[in-house]
Amino acid sequence: MSTPPRFDWPALMRLGFRGLGLRPDQFWALTPVELMVMLGRDGGDAPLGRARLEEMAMAFPDNDARGLNEGE
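Presented here is an overview of the structure given in this document. Source: prediction; values computed, not measured.

This brings us to the pattern of salt bridges. Scanning the entire structure with this criterion turns up 2 salt bridges. Across the pair Arg23 and Asp25 runs a salt bridge, and its minimum N-O distance is 3.2 Å. Judged by its relative accessible area of 47%, Asp25 falls in the partly exposed class. Note that Glu54 is salt-bridged to Arg50, the shortest N-O span being 3.9 Å. Within this pair, Glu54 and its partner Arg50 are both found in helix H4 (residues 50-59), separated by 4 residues, close to a single helical turn. Given the relative accessible area of 45%, Glu54 is considered partly exposed.

Moving on, we get to a nonpolar patch on the surface. The grouping of Leu48, Leu53, Met56 and Phe60 at the surface amounts to a nonpolar patch, some 410 Å² of accessible area in total. On the basis of relative accessibility, which here comes to 52%, the residue Leu48 falls in the exposed class.

Core analysis: the largest hydrophobic core is formed by 5 residues, namely Leu12, Leu22, Phe27, Leu35 and Leu39. Residues contacting Leu12, with those up to four places away along its chain left out, are Phe7, Phe27, Leu35, Met36 and Leu39.

Reading guide: rules and limits
Residues numbered from 1 in each chain as written. Predicted model: local features only at pLDDT ≥ 70, side-chain atom pairs only at ≥ 80, totals over all residues. Heavy atoms only, no water. Salt bridge = Lys/Arg side-chain N within 4 Å of Asp/Glu carboxyl O. Buried < 20%, exposed > 50% of the residue type's maximum accessible area, 1.4 Å probe, protein only. Helix = DSSP H or I, 4+ residues; strand = E, 2+ residues; numbered from the N terminus. Patch = residues over 30% accessible without salt bridge, like charges linked within 9 Å, V, L, I, M, F, W, Y side chains within 5 Å. Areas by Shrake-Rupley, 256 points an atom, 1.4 Å probe, with all protein chains shown as cover. Core = buried A, V, L, I, M, F, W, Y, C linked by side-chain atoms within 4.5 Å. Contact = heavy atoms within 4.5 Å.

Next up, the structure:
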């Protein structure tokens, strides 16, 4: 029976703290899968960058056309 891969916690912590700018409480609240997705290690596209986030915020604002917040 093979052993599952082990996490390189020091490397993951460096990537989370330095690379993603996470605070320790944010880092430790993530699951390993969430961290991998944020790092772009899920086999998909690269992580969401600032430019794409701003583009999406413009396309999908929190307020509707009448200026009302959701639930009002």
